[in-house]
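Below are the chains, spelled out letter by letter.
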Amino acid sequence: MKAKSNRLSGFLRQFTLFAGLGVLFLAGVLLNVPDKPDGENVFLRIGNQRQVLEQVSINGTLAVGMTLVIITAGIDLSVGSVLSLCSVVCAMLLMQQPVEDYEWLSRAHAIMLPAVFLFTALAGFGLTRRVFKWSLKAAIPATGLLGFIAVWVALGCPFQLAPAVKFSTLGVLLTVPLVGGMLGMTSGVIIAKTRLQPFIVTLAMMISAVGLAKFIAGDGGRVHSIYIESGEQAGAPASFAALGEPIVTVGERTLRTGKVHDVKLIPIPGLFMLGCWTLAAILLTKYPFGRYIYAVGGSEETSRLAGIPVDRVKIFVYTTSGVLAGLAAVLFCAKYKQGLATAGQMKELDAIAAVVIGGTSLMGGRGSILGTLVGIMIFGYLTNILNLEGVSSEIQDIVKGVIIVGAAVLQSGELFGGLRWLRRRRPSVGAPASANTADRQGVHV
Amino acid sequence: MRTTNHPHARLRPNLTTLMRCATTLFVATALCGLSGCERKPAPEKGTPTTQPGSAKETGSAQAPGGGTDGKYLIGFSQCTVTEPWRVEFNRRLIAHAKADYAKIVDLEVLDANDKTEDQVAQMRSFIDREADAILISPKEAAGLTGVVRQAAEAGIPVIVLDRDVHFDGYTCFVGGDNKLIGRAAGMVARDMLGGEGKASGVIYELCGGLASTPGQERRDGFHEVVDKEPGLEVIGGLDCDWKLSKAKDAFQAALQANEAIDLVYAHNDPMAYGAYQAAKEAGREEEMSFIGIDSLPDEGIRWVKAGQLTATLLYPTPGEMGLDMAIKALRGEEVTKRITLPTRVFTKDNVDQGGKEISFDE
């Protein structure tokens with residue numbers, strides 16, 4: 001009996017989660033009903049749906065890390081700035097720097113190298129200590145050696161002593177997220193060890209990272225365009241352009257003319273975002289470490305007493321957030337073919353809004369990746385519908401604000417509670433409060 | 001190896017040691033990286049290096065506090081160098097000073113980091129050091145009018161560049177005219193779509209920051225011309241904040257919603273290029289023309305050369321003309337009070353010949 005009612009309430013919760021998205025989708029369909037009987041619904045076109053997925057992919061990737069951070073009752077304000085920084089680094093690593101500007105390494109290399117070193121060394125240390133069970137005396141030199149080898153390989157030095165090292169697509173996909181991870185880890189360590197408020201630590205990181213991005217870009221924040229190599233023109237490898245573009249061509253029939261034209265079906269940035277979503281959802285639901293994340297957000301002190309490695313969990317979530325910001329930066333570069341110090345401006349707020357719309361509580365301990373998925377899609381469809389309708393920018397912003405609040409109310413499931421409160425003349429003092437507390441501590445995924 | 005049911009009893013000290021090691025290594029590498037990095041950048045002479053507050057000098061050795069060897073000391077306070085256009089502005093000014101006036105001018109370029117108070121302080125220091133002439137590209141009119149007045153009253157020729165101040169006692173103002181450029185863009189668009197009186201088609205407009213004067217003027221000037229044409233329809237007009245990424249996203253949706261777009265007019269080149277990228281991904285870039293504004297060598301000119309943008313209009317940098325006027329004033333020649341620099345249009349055919357000047361014969 002109890003199990004059944006749990007299943008029912010679970011279903012209802014899922015339903016309210018999707019209700020906002022459903023309403024928005026329906027609105028999109030209805031607003032674009034063609035005037036002529038032989039017209040077609042622009043909103044439902046394959047190209048349009050693909051484009052929505054493509055446009056949310058950068059914010060969607062950021063929102064995954066943000067979900068993890070917010071579940072631990074933290075916040076990461078630095079993701080937008082880290083994205084900016086990483087986009088500059090990515091663009092500079094991909095494009096051959098003119099030799100007269102730098103002797104042989106650019107500033108982008110100078111920040112990429114410590115990041116590669118840090119993470120390889122950490123991995124090396126973990127391996128020697130945990131897997132091979134070596135002593136600390138052996139682990140430290142092994143770690144350093146491994147780190148230096150990694151840096152050496154990252155530079156491509158075994159193969160070339162080039163005046164400027166140019167990176168491949170795989171190269172930036174591997175190294176740029178590490179730069180983001182290094183900054184995220186820095187915030188995480190400070191937050192975990194000093195017990196400072198995450199708000200202030202990540203705010204500081206947000207300010208520094210933008211400054212660093214401008215410094216690395218040079219000229220107080222130069223735009224670094226990415227050109228794809230073709231013929232004699234030097235530039236980024238062609239595979240990098242493919243990273244930002246859709247794949248799998250299908251034929252779509254235009255109803256009015258009856259002509260079949262090719263449409264690309266699947267955007268690659270969208271695939272990356274879906275991959276991150278899946279991994280994070282599996283981590284949160286299937287692994288003990290995922291449950292630790294909820295526990296830390298639910299009550300930090302209780303978790304500490306229960307033997308949960310609170311500091312490690314915190315460092316992990318901020319590092320992940322940074323890594324995903326770095327990955328989002330690579331996707332940004334692939335999509336817009338430029339790296340600039342303002343790429344991620346305000347993106348942290350979009351990510352936070354999407355997470356909260358998805359029902360993740362800013363108080364921590366409650367939330368899900370599925371909810372964030374819904375939140376991010378609400379954002380995507382909203383922008384798409386407003387753009388299709390040709391609504392001017394000012395009105396778009398007003399509508400967005402209203403919809404964010406509306407969706408958050410709908411997702412929180414408090415709407416009906418609120419109405420009940422209106423109907424009841426004299427609410428009892430004790431009961432709703434305790435129900436609320438129970439709800440907040442309940443974990444749902 | 002101890003075995004225990006509580007793995008963290010074993011893990012915790014390890015974690016701490018690990019963190020310490022990682023931190024030490026990180027700091028060490030970061031230091032290596034930084035010291036290496038300081039050594040590395042060796043910009044060629046003449047390229048603007050823009051470390052905040054650092055003075056850029058051209059010409060031979062210069063002692064602070066006045067021109068050496070009887071040279072004129074000319075100070076220039078640039079409001080910011082975060083925009084590519086201002087980087088190009090400085091580059092051209094410095095190159096001009098080097099090429100034509102190396103023997104008679106010591107040019108000192110300061111960056112005010114987008115702060116009015118920094119710019120005021122820089123102007124004051126030029127006045128105190130009795131510079132022979134001052135060039136200023138003000139961040140805003142209200143906060144800088146006072147210091148421009150002080151300089152003029154101290155008898156120093158002041159050349160105001162790009163943005164005006166609320167005081168006309170300065171020697172000369174040199175700048176472009178965004179409204180005129182908007183009109184020129186309108187004429188280019190009209191001629192591409194059939195010519196005066198016969199033009200027909202759909203134009204999609206991508207606006208820069210509509211809260212800024214350049215954005216408004218580039219829109220208004222354009223509409224002055226195209227709104228007269230009965231055959232032209234202008235749609236869009238979204239505020240894309242001068243950003244390529246926003247313009248690309250907006251234009252992707254526009255491509256879905258509109259079956260026919262004949263021309264894209266963007267208030268700067270990166271936005272036009274973003275629209276081009278979106279159209280290319282949809283396979284529709286051949287159907288339409290793309291017009292942008294600014295014509296920076298690394299942006300608009302490059303994209304026009306590659307056949308990606310159809311045309312770009314020059315928003316001229318006033319540095320060279322400003323320096324010429326300063327020298328004229330110092331030599332006691334007559335100086336025109338207000339100089340509006342002409343715009344040029346660059347298309348694939350004329351980009352190698354330096355573009356074509358546009359005449360307003362209406």
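Counting restarts for each chain: residues are numbered from 1 in the order of the written sequence. Chain letters start at A and ligand numbers start at 1, both assigned in the order the entries are written. Note on the predicted model: pLDDT of at least 70 is required for a residue's local features to be given, and 80 or more for side-chain atom pairs to be given and counted; whole-chain, interface and lining totals, by contrast, use all residues.

Secondary structure elements are defined from DSSP: runs of H or I of at least 4 residues count as helices, runs of E of at least 2 residues count as strands, and each element is numbered from the N terminus. Secondary structure assignment for chain A yields 17 helices and 4 strands. Three classes are used. A residue is buried when 20 or more other C-beta atoms lie within 10 Å of its own, exposed when 12 or fewer do, and partly exposed in between, with C-beta atoms placed from the backbone. Across the 445 residues of chain A, 49% fall into the buried class. Whether two residues are in contact depends on their C-beta atoms, placed from the backbone: they are in contact if these lie within 7 Å. Put simply, of all contacts in chain A between residues at least 6 apart along the chain, 74% involve residues at least 24 apart.

The number of helices and strands found in chain B is 10 helices and 14 strands. Considering chain B as a whole, with its 362 residues, one finds that 47% of them fall into the buried category. In chain B, of all internal contacts separated by at least 6 residues, the share reaching a separation of at least 24 is 70%.

It is worth spelling out the confidence of the model for chain B at this point. Residue and element names in this part refer to chain B. The pLDDT value tells you how sure the predictor is about a given residue, anywhere from 0 up to 100. Of all residues in chain B, 80% have pLDDT values of 70 or greater, and the mean over the chain is 81. Of all secondary-structure elements in chain B, the lowest mean pLDDT belongs to strand β1 (residues 56-57), at 41, while strand β9 (residues 263-266) reaches the highest, 95. Contacts from residues 1-13, a stretch scored under 50 in pLDDT, to residues over four places away or in other chains number 8 contacts. Note that residues 31-65 has pLDDT below 50 and, in this model, 57 contacts with residues that lie over four places away or in other chains. The ipTM, which scores confidence in the relative placement of chains, is 0.80 for this predicted complex, and the corresponding pTM is 0.80.

Attention shifts here to the packing of helix α14 (residues 369-388) of chain A against helix α7 (residues 244-257) of chain B. Axis separation between α14(A) and α7(B) bottoms out at 9 Å; the angle between their running directions is 55°. By the angle between their directions, the pair α14(A) and α7(B) is classed as oblique. Crossing geometry of α14(A) relative to α7(B) is assigned as right-handed. On α7(B), the residues that touch A:Asn384, A:Asn387 and A:Leu388 of α14(A) are B:Ala250, B:Ala253, B:Gln256 and B:Ala257. Residue classes in the contact of α14(A) with α7(B) are distributed as 4 nonpolar, 3 polar and no charged. Interaxial angle, 0 to 180 degrees, is taken between N-to-C directions of lines fitted to C-alpha atoms, where a helix line uses only the stretch in contact. The cut-offs work like this: below 35 degrees is roughly parallel, past 145 is roughly antiparallel, 65 to 115 is roughly perpendicular, and the gaps in between are oblique. By the definition used in this description, the sense in which the near helix is turned from the far one sets the handedness, with an anticlockwise turn below a right angle giving left-handed and a clockwise turn giving right-handed. All amino acids are sorted into three groups, where Ala, Val, Leu, Ile, Met, Phe, Trp, Tyr, Cys and Pro are nonpolar, Asp, Glu, Lys and Arg are charged, and the leftover types, Gly among them, are polar.

Structurally, chain B comprises domain 1 (56-175 + 318-331) and domain 2 (178-315 + 346-357). In this entry, domain limits derive from an automatic or database-based domain assignment. For domain 1 of chain B versus domain 2 of chain B, the distance between C-alpha centres works out to 33 Å.

All names here are of chain B. When DSSP finds two or more bridges between a pair of strands, those strands are recorded as paired. On the basis of which strands lie adjacent, the open sheet formed by 7 strands has the order β8-β7-β9-β10-β11-β13-β14 and mixed pairing. The sheet is open, and its two borders are formed by β8 (232-239) and β14 (356-357), each paired with just one other strand. Pairing of β9 with strand β10 (residues 289-294), which is carried by 3 bridges, proceeds in the parallel orientation. Its bridge partner lying in β10, Tyr265 is registered against Ile291. Contacts from α7 reach β7 (201-207), β8 and β9, with the element oriented near 150° to β7.

Let us now look at the nonpolar core. Here, a nonpolar core means buried Ala, Val, Leu, Ile, Met, Phe, Trp, Tyr and Cys residues linked by C-beta atoms lying within 7 Å of one another. With 172 residues, the main nonpolar core has A:Val88, A:Val89, A:Cys90, B:Leu206, B:Val264 and B:Ala275 as its most contacted residues. A total of 18 residues in this core trace back to one element, the largest contributor, which is helix α12 (residues 310-336) of chain A. Every residue in contact with B:Ala275, bar those within four places of it in the chain, is listed here: B:Leu206, B:Ala247, B:Lys248, B:Phe251, B:Val264, B:Ala266 and B:Phe290.

All names here are of chain A. Split into domains, chain A comes out as domain 1 (2-96 + 166-441) and domain 2 (103-151). Residue-level contacts link 10 residues of domain 1 with 10 residues of domain 2. Contributing elements (two or more residues each) for the side of domain 1 that touches domain 2: α3 (79-94) and α6 (169-194). Here the side of domain 1 that touches domain 2 is built from residues that sort into 8 nonpolar, 2 polar and no charged.

Turning our attention to the environment of B:Gln119. Residues and elements named next belong to chain B. For Gln119, the position within the fold is in helix α3 (residues 116-128). Along the chain, Gln119 and Val264 lie 145 residues apart, while their C-alpha atoms are 38 Å from each other. Those residues in contact with Gln119 that sit more than four places away from it in its chain are Ser77, Cys79, Ala112, Pro138, Lys139 and Leu144.

A few words on the environment of A:Gly221. Its location among the elements puts A:Gly221 in the loop between α7 (198-217) and β1 (224-225). With 24 C-beta atoms counted inside 10 Å, the residue A:Gly221 sits in the buried group. For the pair formed by A:Gly221 and A:Gly211, sequence separation is 10 residues and the distance between their alpha carbons is 8.8 Å. Residues within four places of A:Gly221 in sequence aside, it is in contact with A:Lys214, A:Ala341 and B:Thr82.

Our next topic: the pairing of β8(B). Residues and elements named next belong to chain B. Strand direction decides the pairing type here: β7 and β8, joined by 7 bridges, are parallel. If you follow Leu206 over to β8, its bridge partner there is Leu238. By convention, a crossover is right-handed whenever its connection, traced from the first strand over the helix to the second and viewed with the strands pointing away, goes clockwise. The parallel pair β7 and β8, bridged by helix α6 (residues 213-226), forms a crossover whose chirality is right-handed.

Residue B:Glu130 is not a glycine yet carries a positive backbone phi of 55°. Mapped onto the secondary structure, B:Glu130 falls in the loop between α3 and β4 (133-137).

Right, let's talk about the pairing of strand β5 (residues 158-161) of chain B for a bit. On a regular strand, one side chain projects to one face of the sheet and the next to the other, so that they alternate. Residues and elements named next belong to chain B. What you see with β5 is no split at all: Val158 and Val160 on one side and Ile159 and Leu161 on the other are buried throughout. Pairing between β4 and β5: 3 bridges, direction parallel. Looking at the pairing, Ile134 lines up with Val158 of β5. A crossover links β4 with its parallel partner β5, the connecting element being helix α4 (residues 141-153), and its sense is right-handed. With 3 bridges connecting them, β5 and strand β6 (residues 172-175) associate as parallel partners. By the bridge assignment, Val160 is partnered in β6 with Phe173.

Moving on, we get to the confidence of the model for chain A. Residues and elements named next belong to chain A. Looking at chain A, pLDDT values average 81 and 81% of them are 70 or higher. Ranking the elements of chain A by mean pLDDT puts helix α17 (residues 430-441) last, at 45, and α12 first, at 95. Of the regions scoring below 50 in pLDDT, residues 430-445 engages in 15 contacts with residues more than four places distant in sequence or in other chains.

What follows concerns the packing of helix α2 (residues 46-71) of chain A against helix α13 (residues 347-357) of chain A. Each packed pair of helices is defined by two parameters, the angle between the axes and the distance between the axes. Residue and element names in this part refer to chain A. It is the contact of α2 with α13, at a shortest axis distance of 8 Å, that shows an interaxial angle of 65°. Crossing angle aside, the handedness with which α2 passes α13 is right-handed. Seen from α2, the contacting residues are Asn59, Leu62, Ala63, Met66, Thr67 and Ile70; seen from α13, they are Lys347, Asp350, Ala351, Ile352, Ala354 and Val355. For the contact of α2 with α13, the residue count by class is 8 nonpolar, 2 polar and 2 charged.

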